[in-house]
Amino acid sequence: MAAPEAEVPTTEEMSAAREEPAVEAPAAGEDQAPPPATTATTVPALYVGDLPENAKEDHLFDAFSTVGAVTSVRVCRDNATSSSLRYGYVNYFSQADGMHYT
């Protein structure tokens, strides 16, 4: 016995189903609730590759802090041997600070 054929929605029906309902703006004078607080903050990070094996965090900090406010740097290392994986990350205070190197 063959299974009954299911109706396949049209492209228009699929598009209509994806549209989000409109959100009404609050009327003038109504109190607005503050936006919900987020727990995750975005930290502008710059990937730095092709580092020499002897690269250290201070080297990255010195080189990249000349462009903007660096909040942290990290040279990624092998867990077992602690040797450099030859890449790292530089985190800037703002996205504008890191834009000079992209």
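Relevant structure appears above.
Note that the structure is a prediction, hence the values are computed from the model and not measured. (Residues numbered from 1 in each chain as written. Predicted model: local features only at pLDDT ≥ 70, side-chain atom pairs only at ≥ 80, totals over all residues. Heavy atoms only, no water.)

1. Considering the overall build of the protein chain
Here is step 1 of the chain: The helix and strand inventory of the protein chain stands at three helices and three strands.
Here is step 2 of the chain: Taken from the N to the C terminus, the helices and strands of the protein chain come in the order α-β-α-β-β-α.
Here is step 3 of the chain: Taken over 102 residues, the protein chain has a buried fraction of 19%.
Here is step 4 of the chain: A sequence separation of at least 24 residues applies to 48% of the contacts in the protein chain between residues at least 6 apart.
Here is step 5 of the chain: Working note: accessible area of the protein chain is about 8700 Å², and carbon and sulfur atoms make up 54% of it. (Helix = DSSP H or I, 4+ residues; strand = E, 2+ residues; numbered from the N terminus. Buried < 20%, exposed > 50% of the residue type's maximum accessible area, 1.4 Å probe, protein only. Contact = heavy atoms within 4.5 Å. Areas by Shrake-Rupley, 256 points an atom, 1.4 Å probe, with all protein chains shown as cover.)

2. Points about unusual backbone geometry
Here is step 1 of the chain: Despite not being glycine, Asp 50 shows a phi value in the positive range, around 55°.
Here is step 2 of the chain: Its location among the elements puts Asp 50 in the loop between strand 1 (45–49) and helix 2 (57–64).
Here is step 3 of the chain: Residue Asp 50 is classed as exposed on the basis of its relative accessible area, which comes to 73%.
Here is step 4 of the chain: One non-glycine residue, Arg 86, adopts positive backbone phi at about 70°.
Here is step 5 of the chain: Within the secondary structure, Arg 86 sits in strand 3 (residues 84–92).

Keep in mind these values describe shape, not function.
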